[in-house]
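A look at the structure
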Amino acid sequence: MHRHLFLILLISIVSLCSHAEVTVGAAQTSKYFPLLEGKRVALFSNHTGMVGNRHTVDLMLDGGVKVATLFSPEHGFRGTADAGEHVASGIDGPTGLPIASLYEGKGKRMPAKEVMDMFDVLVVDIQDVGLRYYTYYCTMVDLMNAASVYGKEVIVLDRPNPNGMTVDGPILDMKYSSGVGRLPIPVVHGMTLGELALMANGEGWLKDGAKVPLTVISCTGYTHQTRYRLPVAPSPNLRSMLAIYLYPSTCYFEATPVSLGRGTDKPFEIYGHPDMKGRSYNFTPRSVAGAKNPPQKDRLCRGVDLSGMSEEDAIAQGINLEYLIDAYRDLGLGDKFFRSFFELLIGRGDIRKMIEDGKSADEIKASWAGDVARFKTQRRPYLLYKE
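The structure displayed is predicted, hence computed values, not measured ones.

Some words on the overall build of the protein chain
Of regular secondary structure, the protein chain possesses 13 helices and 12 strands. Classification of the 387 residues of the protein chain by burial places 55% in the buried group. Relative to all contacts within the protein chain whose residues are 6 or more apart in sequence, the contacts with residues 24 or more apart total 71%. Approximately 16,000 Å² of the protein chain is accessible, and the part contributed by carbon and sulfur atoms is 53%.

Right under this line is the structure:
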């Protein structure tokens with residue numbers, strides 16, 4: 001008995017130590033500072049680009065790297081803007097460096113020539129969460145396309161994918177390519193940004209099949225099974241690891257009238273609507289920082305609280321459409337339940353009808369099993385970390 005308990009304790013300690021030893025690419029300055037010597041640098045990052053309590057841009061400036069400009073994604077360089085909110089270009093207060101926004105709400109994907117002429121090498125350092133509709137990788141791909149046009153190098157300082165243990169969902173039908181889906185990959189792709197960059201380059205997914213000179217500074221101490229806990233919330237409404245693990249299942253409410261908890265203290269961990277019936281849980285979305293005008297603002301919503309679910313259970317379910325189906329059947333709105341945004345999120349045109357026809361979540365998941373198997377094989381040459 002004592003031997004058994006000792007082994008459990010030993011395994012727990014090894015697991016904790018393994019997690020503690022993960023070193024992100026940005027921390028490995030000895031590997032990438034020499035690559036930047038004598039070059040003008042553009043840094044694509046935001047508030048997640050941290051090494052301990054210091055931002056990568058500060059490490060670069062202190063190390064004598066010539067940072068010419070910053071690129072900011074959705075939510076802005078300091079991570080304070082709402083989802084989809086207009087983010088203007090400007091000046092970064094702490095450093096005085098110019099920021100070229102890539103999320104100005106105008107469908108702009110290519111920086112202006114005068115911006116591209118400012119630098120020689122693009123450095124990417126940003127924390128993604130591993131979902132096809134999470135826009136940070138889309139911005140990276142846009143910048144890689146720009147780099148291919150203007151002959152720039154690209155260096156990705158890799159970070160772990162908190163959903164890196166999972167591959168689930170249909171591969172994007174490229175007729176639904178949009179600002180929330182840029183590559184033919186499953187909803188949950190299980191890859192780091194460095195791996196995705198290698199795959200986009202290698203598979204000819206950049207515009208006109210172009211390629212860029214690409215270097216990835218890999219993480220150390222990380223595998224795709226590592227339970228990496230993000231030290232910084234990646235965006236204003238993904239505030240907990242549980243929310244990040246539920247995100248593959250609850251984000252589809254964005255394309256419906258149902259609230260997924262924006263404007264509460266549990267975004268992506270709850271869902272509800274004023275007209276849902278027979279529910280003991282209720283909440284009222286309010287205007288708050290990061291959710292200034294949330295769906296169903298100031299209305300009492302009745303629904304479901306998922307915040308008591310264990311993280312392991314949330315991980316194990318991958319994409320679970322039971323929540324979406326539950327709300328769809330409860331409200332009885334038929335096709336009026338969905339907006340066209342749903343197809344952009346799920347990435348395929350037949351899932352809506354499957355729900356309307358009464359298919360179960362398991363039946364729908366089975367419909368994309370072939371996509372998952374094919375993608376796992378296709379991505380294998382680009383994986384930097386053990387599966």
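Structure shown, so let's carry the discussion forward.
Side note on the pattern of salt bridges
When the charged atoms of two side chains with opposite charge come close together, those side chains can pair. Counted by the stated rule, this structure contains 22 salt bridges. Linking Arg-379 and Glu-387 is a salt bridge whose minimum nitrogen-to-oxygen distance equals 3.1 Å. For Arg-379, a relative accessible area of 3% gives the class buried. Each of Lys-277, Arg-279, Asp-326 and Asp-330 takes part in salt bridges that share partners, so that together they form one network.

A word on the nonpolar core
Membership of the largest hydrophobic core comes to 112 residues, with the highest contact counts inside it found for Tyr-252 and Leu-321. The biggest single contributor to this core is helix H5 (residues 136–150), with nine residues.

Focus on the packing of aromatic side chains
Inspection of every chain in the model, using the stated rule, returns 16 aromatic pairs. One aromatic cluster is present, built from ring pairs that chain together Tyr-133, Tyr-134, Tyr-136, Tyr-247, Tyr-252, Phe-268, Tyr-328, Phe-337, Phe-338 and Phe-342. It is Lys-152 that lies over the ring of Phe-119; its NZ or CZ is 5.5 Å from the centre.

What about the side chain of His-47?
By the secondary structure assignment, His-47 is in the loop between strand E1 (40–45) and strand E2 (50–51). A distance of 2.7 Å separates a polar atom in the side chain of His-47 from the backbone oxygen of Ala-233. Side-chain polar atoms of His-47 contact the backbone oxygen of Pro-234, separated by 3.5 Å.

Section: unusual backbone geometry
Notably, Gln-296 is not glycine yet its phi reads approximately 60°, a positive angle. Structurally, Gln-296 is set in the loop between strand E11 (281–283) and strand E12 (301–305).

Quick word on the sheet that holds strand E10 (residues 270–273)
An order of E10-E12-E11 is seen for the three strands of this open sheet, with the pairing classed as antiparallel. For this open sheet the edge positions go to E10 and E11, each flanked by a neighbour on one side alone. Recorded for the sheet is a direction-independent mean angle of 45° between the axes of neighbouring strands. In the sheet, E10 pairs with E12 via four bridges, with the strands oriented antiparallel. In the sheet register, Gly-272 faces E12, and the bridge partner there is Gly-303.

So, the packing of H5 against helix H6 (residues 193–202)
Where H5 contacts H6, the axes come no closer than 11 Å and their chain directions differ by 45°. When the interaxial angle is binned, H5 and H6 end up oblique. Relative to H6, the crossing made by H5 is right-handed. Here Tyr-137, Met-140 and Met-144 of H5 lie close against H6, whose contacting residues are Leu-193, Leu-196, Ala-197 and Asn-201. Across the contact of H5 with H6, the residue classes break down as six nonpolar, one polar and no charged.

Here's the deal with empty space enclosed by the protein
According to the stated counting rule, one finds three cavities of 30 Å³ or more in the structure shown. What lines the largest cavity is a set of 15 residues, among which Ile-126, Asp-128, Asp-158, Arg-159 and Leu-193 lie closest to the centre. Classifying every residue of the lining of the largest cavity gives eight nonpolar, four polar and three charged.

Overview of the environment of Thr-256
Relative to the helices and strands, Thr-256 is located in the loop between helix H7 (241–250) and E10. Thr-256 gets classed as buried once you look at its relative accessible area, which sits at 7%. A sequence separation of 81 residues divides Thr-256 from Phe-337, and the C-alpha atoms of the two residues are 5.6 Å apart. Apart from residues lying up to four places away in sequence, Thr-256 is in contact with Leu-324, Phe-337 and Arg-339. A polar contact of 2.9 Å, which involves the side chain of Thr-256, links it to the backbone oxygen of Phe-253. Polar contacts involving the side chain of Thr-256 include one to the main-chain amide nitrogen of Val-258, which spans 3.0 Å.

Rules and cut-offs
- Per chain, the residues get numbers from 1 upward, laid out in the order the sequence is written.
- The model is predicted, so local features are restricted to residues of pLDDT at least 70 and side-chain atom pairs to those at 80 or more, both for listing and for counting; the totals for chains, interfaces and linings are taken over all residues.
- Only hydrogens and water are removed before side-chain values are computed, so all heavy atoms of the structure are retained for them.
- For helices the rule is a DSSP run of H or I covering at least 4 residues; for strands it is a run of E covering at least 2, with both sets numbered from the N terminus onward.
- For every residue, the accessible area (1.4 Å probe, protein chains only) is compared with the maximum for its type, and the residue is labelled buried under 20%, exposed over 50%, or partly exposed between those bounds.
- Contact criterion: two residues are considered in contact whenever any of their non-hydrogen atoms come within 4.5 Å of each other.
- For the area figures, the Shrake-Rupley method with a 1.4 Å probe applies, and any residue is considered shielded solely by the protein chains shown.
- The working definition used for a salt bridge is a side-chain nitrogen of Lys or Arg within 4 Å of a carboxyl oxygen of Asp or Glu.
- Residues belong to a common nonpolar core when they are buried Ala, Val, Leu, Ile, Met, Phe, Trp, Tyr or Cys residues joined through side-chain atoms within 4.5 Å.
- Planes of paired rings set the category: under 30 degrees apart is stacked, over 60 is edge-to-face and the rest tilted, where pairs are Phe, Tyr or Trp rings (Trp by its six-membered ring) whose centres lie within 6.5 Å.
- For a lysine, the NZ atom is tested; for an arginine, the CZ atom; a charge sits over a ring if that atom is within 6 Å of the ring centre and within 35 degrees of the ring normal.
- Distance and chemistry together define a polar contact, namely a pair of N or O atoms within 3.5 Å, with one atom able to donate a hydrogen and the other to accept it when in protein, and with adjacent residues in sequence counting only for side-chain atoms on both sides.
- Strand pairing is assigned whenever DSSP detects at least two bridges linking the two strands.
- To define axes, lines are fitted to C-alpha atoms, for helices over the stretch in contact only, and angles between the resulting N-to-C directions are given on a 0 to 180 degree scale.
- Throughout this description, any angle smaller than 35 degrees is read as roughly parallel, any larger than 145 degrees as roughly antiparallel, any in the 65 to 115 degree range as roughly perpendicular, and the remainder as oblique.
- In a left-handed crossing the near helix is turned counterclockwise from the far helix by less than a right angle, and in a right-handed crossing that turn is clockwise.
- Residues are grouped as follows: nonpolar covers Ala, Val, Leu, Ile, Met, Phe, Trp, Tyr, Cys and Pro; charged covers Asp, Glu, Lys and Arg; every other residue, Gly included, is treated as polar.
- Using a 1 Å grid laid over the protein atoms alone, points where a 1.4 Å probe fits but cannot get out form a cavity; open sets with protein on both sides within 12 Å along at least 5 of 7 lines form a pocket; any residue with an atom within 4 Å of a point counts as lining.
- Grid points are joined across faces, edges and corners, and a volume is the space filled by probe spheres set on the points.

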